[in-house]
Amino acid sequence: MQRLSRISIWTYATLIALSVLIFAILYPLSSLFTASVTSPNEGGFSLEGYRTFFATPDLVDALINTLLLGAITTIGALILGVGTAFAVARFDFPLKSLIGLLPLATLVLPDVIAVQSWLMVFGNNGIVTNFIWDVFDINTPRFYGWTGLIFVMIIQHYAFAYLMVIAAFKSIDSSLEQAAQNLGSSPLRSYMTVTIPVLAPAVLVTAMVVFSMSIDNFGIPAIIAPRVPILSVTAYNTFVSELGSDPLMQSTMSVMLVLIAASVLLLQKVYVEHRVYQMESGRAPQPVKLPLAKGRMVSGGLLCFVLVSLLPIIIVTVAAFTHSKGPVLHWGTFSVENLRRAIIFTPEALYNSLILSSIATLVGTVFSVIASYVLVKKRSALTIILDFAAVLPLVVAGTVLGIALVAAYNTGPFAMTGTWFIMAMAYFVRRVPYGIRTMSGSVHAIRDNIEEASINLGVAPLRSFFQVVLPIMTPAIISGAIFMWVTTLSELSATIVLYSAGLSTMPIQIFQQLNGGYFGPASAYSAILIVSIFLPLTIVMRVFKIDLFGTCQ
């Protein structure tokens, strides 16, 4: 009893967090790993799946293309996202608040709608394609394939990099740069020798997240590049075509995705472990007010870029009010029929989306705060296991996770297939790694001596956490919660496996409309989803006087 009383409260917290992940991800996935090394005929240990994988040229091509797509998307998204975050965090210019907020809109747009909208713009019969042909008599390059795939992937993922990196900009201690400049360094040299090294861990974590999201993406490559083999699409097609008969290759490809992301994670951790910087939080550099002319140039450039990235939302909104008949949209006409139909059938799906996303976000935020703190500040053998378990969902496609959950909890004492709980659990599992990574960057920046000073003054460790650490983490917690909430509302791949009668969500409704060729109603559903996300956020900011997007202004 006395020995138990000596165990730290954080050890109990680590054990509880680890138990949650064992239940939600490790146990369901264990069946996939077991299946990948099990002979489908004899039932014993076998590497037949891996031998078949590397002996099949199409699968090897899928592996190479997946790595290439992840690398290109990560580099492109970091360039755009970090550049935008730097401008918003460090400078004052006209329309800064609007420009800081608009990139978040791309996070809520389901991939399937985004890629469809870009095809409406640059596709074979797209608006821009037809305009250039009619006016200039020029054939534009084919948008299908690698060109469109890379373009859409970067545009869809740069906002993730922006949201995650801007919190790191806010955590920098301005006295570091001031000290460098007082010692004779130019502003540029201060950025190169002080700011960039301090930001490097957060940028590297962001790169890992974007890379994992890229190789996990299913909707974009499946629609815009069906002839380019990508591992996530190939794995899904293999599962669909061989459901119930031979899960070997689908399991093998899932494990390959795990190995890819695990390799990236290992590189990231090796770098971060040796480059942890601690500084005073709440002392971020004050934004520099740009001269009017220069400020207008920066504002204009950023606004044009952000508006281009939001073009799918504009196209979807216009399409929602455009007369349609099946897959044909009569551009230039006006109709409210799409919205009328969507409003009649939307309430239940919208309610399910908001409730399930809110539950998953609330649980995920609490879990991420605790997990990020123990992973950074209370390192132990248990936290190493917790860290490994927390990143596993990054490399598992949503559809595969859904199937694993159904297989694990379809029967037995924890049977919950077809319930809202299993859907909320899937959302939690899918998004909690992003919450942990977002908040870990903030925890890295908190000096140990701040908390130690509180404890030395007689404040209990748990109370010191709530009164000292938690307030400093607040910007990162808000960023992480927003990130989880808006992306969960767009979750499709896990939902399509887990939902049942009465539990349909907005992405499911959009997918079904698109699958039936009803682009007008699909656009109306998307418009309602976008409004349902931004309206609550606006009310929170206005009514409760909360600077909800303080991290991006």
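The structure this text deals with has already been given above.
Counting restarts for each chain: residues are numbered from 1 in the order of the written sequence. Side-chain atom pairs in this predicted model are given and counted only at pLDDT of 80 or more, local residue features only at pLDDT of at least 70, and totals for whole chains, interfaces and linings cover all residues. Note: side-chain values were computed over all heavy atoms of the structure, leaving out hydrogens and water.

J.: Would you explain the overall build of the protein chain in this entry?
T.: Scanning the protein chain for helices and strands turns up 25 helices and four strands. Over its C-alpha atoms the protein chain spans a radius of gyration of 24 Å, differing by no more than 12% from the 24 Å that the globule rule assigns to 553 residues. Relative accessibility thresholds used throughout: buried, under 20% of the residue-type maximum; exposed, over 50%; partly exposed, between the two (1.4 Å probe, protein chains only). A buried classification covers 52% of the 553 residues belonging to the protein chain. Sequence-distant contacts, at least 24 apart, represent 79% of the contacts inside the protein chain between residues at least 6 apart. Of the roughly 24,700 Å² of accessible surface on the protein chain, a fraction of 67% belongs to carbon and sulfur atoms. When charges are counted, Lys and Arg are positive and Asp and Glu negative, with His and the chain ends excluded. Each charge is placed at NZ for Lys, CZ for Arg, CG for Asp and CD for Glu. Put simply, the protein chain has 28 plus and 23 minus side-chain charges, and the middle of one group is 11 Å from the middle of the other. Secondary structure elements follow DSSP: runs of H or I no shorter than four residues count as helices, runs of E no shorter than two count as strands, and numbering proceeds from the N terminus. To get the radius of gyration, use the C-alpha atoms; to get the globule rule, take the number of residues to the power 0.38 and multiply by 2.2 Å. Whether two residues are in contact is decided by their heavy atoms: any pair within 4.5 Å suffices. Here the accessible surface of atoms and residues is derived via Shrake-Rupley with a 1.4 Å probe, and residues count as covered only by protein chains that are part of the display.

J.: Looking at this structure, how should I read the layout of surface pockets?
T.: To find the voids left in a structure, one rolls a probe of water-molecule size over its atoms. Computed over the protein atoms alone on a 1 Å grid, cavities are sets of points where a 1.4 Å probe fits but cannot get out and pockets are open sets with protein on both sides within 12 Å along at least five of seven lines; a residue lines them when it has an atom within 4 Å of a point. Grid points are joined across faces, edges and corners, and a volume is the space filled by probe spheres set on the points. Here the largest pocket is characterised by a volume of approximately 780 Å³. Asp111, Phe218, Gly219, Leu492 and Ser493 are, among the 37 residues lining the largest pocket, the residues nearest its centre. Looking at the lining of the largest pocket, the elements that each hand over two or more residues are α6 (111–122), α8 (146–170), α10 (187–216), α11 (219–224), α12 (231–241), α19 (398–409), α20 (420–444) and α24 (506–515). Charged residues are taken to be Asp, Glu, Lys and Arg, nonpolar residues to be Ala, Val, Leu, Ile, Met, Phe, Trp, Tyr, Cys and Pro, and polar residues to be all remaining types, Gly included. For the lining of the largest pocket, the class distribution of residues is 20 nonpolar, twelve polar and five charged.

J.: What's the story with α8 in this structure? I'm lost.
T.: One full turn of an α-helix is made of 3.6 residues, so residues set three or four places apart face in the same direction. Taking 1.5 Å of rise per residue, the 25 residues of α8 would be expected to cover 36 Å, and the 36 Å separating its terminal C-alpha atoms lies within 8% of that figure. What the bend at a residue measures is the angle between two axes, fitted to the seven residues ending there and to the seven starting there. At His157, α8 shows its maximal kink, close to 30°. Burial of α8 is extensive: 20 of the 25 residues sit out of reach of the surface. For a helix, the expected span equals 1.5 Å multiplied by the residue count minus one.

J.: Explain empty space enclosed by the protein here, please?
T.: Using the criterion set out here, one finds five cavities of 30 Å³ or more in the structure. In terms of lining, the largest cavity is formed by Met164, Ala167, Ala168, Ser171, Ala202, Val205, Thr206, Arg437, Thr438, Gly441, Ser442 and Ala476. Only α8, α10 and α20 provide two or more residues apiece to the lining of the largest cavity.

J.: Even after reading the chapter, I still don't get the pattern of salt bridges, so can you show me in this structure?
T.: Pairs may arise between side chains of opposite charge once their charged atoms sit close together. Salt-bridge detection follows one rule: a side-chain nitrogen of Lys or Arg within 4 Å of a carboxyl oxygen of Asp or Glu. For the structure shown, the criterion picks out four salt bridges. The salt bridge involving Lys96 is made with Asp92; its shortest N-O contact spans 3.3 Å. The class of Lys96 is buried, set by a relative accessible area of 9%. With a relative accessible area of 31%, Asp92 lands in the partly exposed category.

J.: What should I look at first to understand the packing of helix α17 (residues 347–377) against helix α22 (residues 461–489) in this one?
T.: Axis angle and axis distance: for two packed helices, these are the angle between their axes and the distance between the axes, and together they describe the pair. To obtain each axis, a line is fitted to C-alpha atoms, and for helices this fit is confined to the stretch in contact; angles are then taken between N-to-C directions over 0 to 180 degrees. It is at 9 Å that the axes of α17 and α22 come closest, and there the two elements cross at 145°. The crossing of α17 and α22 is right-handed. When α17 is examined against α22, the residues Ser353, Leu354, Ser357, Ser358, Thr361, Gly364, Thr365, Ser368, Val369, Ser372 and Tyr373 are found in contact with a partner set consisting of Phe465, Val469, Leu470, Met473, Ile477, Ala481, Met484, Trp485, Thr488 and Leu489. Residue composition of the contact of α17 with α22, grouped by class: twelve nonpolar, nine polar and no charged. Handedness of each helix crossing follows the sense of rotation of the near helix against the far helix: counterclockwise by less than a right angle gives left-handed, clockwise gives right-handed.

J.: For this particular structure, what's the right way to read the environment of Phe91?
T.: If you trace the backbone, Phe91 turns up in strand β1 (residues 91–92). Residue contacts for Phe91: discarding those within four places in its chain leaves Phe86, Lys96, Pro287, Val288 and Leu290.

J.: What am I meant to see in the packing of aromatic side chains here?
T.: Each aromatic ring pair is summarised here by two numbers: the centre-to-centre distance and the angle between the ring planes. We call Phe, Tyr and Trp rings a pair once their centres come within 6.5 Å, taking the six-membered ring for Trp, and we label the pair stacked below 30 degrees between planes, edge-to-face above 60, and tilted otherwise. As enumerated under the stated definition, the model contains 19 aromatic pairs in all. Taken together, a centroid distance of 5.1 Å and an interplanar angle of 75° make the contact between Phe53 and Phe54 edge-to-face. Ring plane angle 80° and centroid distance 6.5 Å describe the contact between Phe131 and Phe136, whose orientation is recorded as edge-to-face. With a relative accessible area of 49%, Phe131 lands in the partly exposed category. Through pairs of rings, three or more aromatic residues link up here, namely Trp10, Tyr373, Phe465 and Phe466.

J.: I tried to follow helix α2 (residues 9–36) on my own but got confused; where do I start?
T.: Compared with the 40 Å implied by 1.5 Å per residue over 28 residues, the 38 Å span of α2 between its first and last C-alpha is a close match. Largest kink in α2: about 50°, centred on Ile22. All buried positions along α2 are accounted for by Trp10, Ala13, Thr14, Ala17, Leu18, Leu21, Ala24, Ile25, Pro28, Leu29, Leu32 and Ser36.

J.: Help me out: how do you make sense of the environment of Lys378 in this one?
T.: Its location among the elements puts Lys378 in the loop between α17 and α18 (381–391). On the basis of relative accessibility, which here comes to 31%, the residue Lys378 falls in the partly exposed class. It is 7.4 Å that separates the C-alpha atoms of Lys378 and Trp10, two residues lying 368 residues apart in sequence. The contacts of Lys378, once residues within four sequence positions are left out, are Trp10, Tyr373 and Thr383.

J.: What am I meant to see in the packing of α6 against helix α7 (residues 127–136) here?
T.: Contact geometry of α6 with α7 gives a least axis separation of 3 Å together with a crossing angle of 5°. As summarised for this structure, α6 and α7 are arranged roughly parallel, according to the angle between their axes. For the pair α6 and α7, the contacting residues are Met120, Val121 and Phe122 in the first and Ile127, Val128 and Thr129 in the second. A per-class count over the contact of α6 with α7 returns five nonpolar, one polar and no charged. Oblique is the label for any angle not covered by the other classes, which are roughly parallel (under 35 degrees), roughly antiparallel (over 145) and roughly perpendicular (65 to 115).

J.: Please clarify how the environment of Thr74 should be interpreted in this entry.
T.: Structurally, Thr74 can be placed in helix α4 (residues 57–90). Residue classification places Thr74 among the buried positions, given a relative accessible area of 8%. The sequence separation of Thr74 and Val406 amounts to 332 residues, and the corresponding C-alpha distance is 32 Å. Leaving out residues up to four positions away in the same chain, Thr74 has contacts with Ala207, Val210 and Phe211. Residues adjacent in sequence count toward polar contacts only when both atoms are side-chain atoms; beyond that, a polar contact is any pair of N or O atoms within 3.5 Å, and within protein one must be able to donate a hydrogen and the other to accept it. Polar side-chain contacts of Thr74 include one of 3.4 Å to the backbone nitrogen of Phe211.

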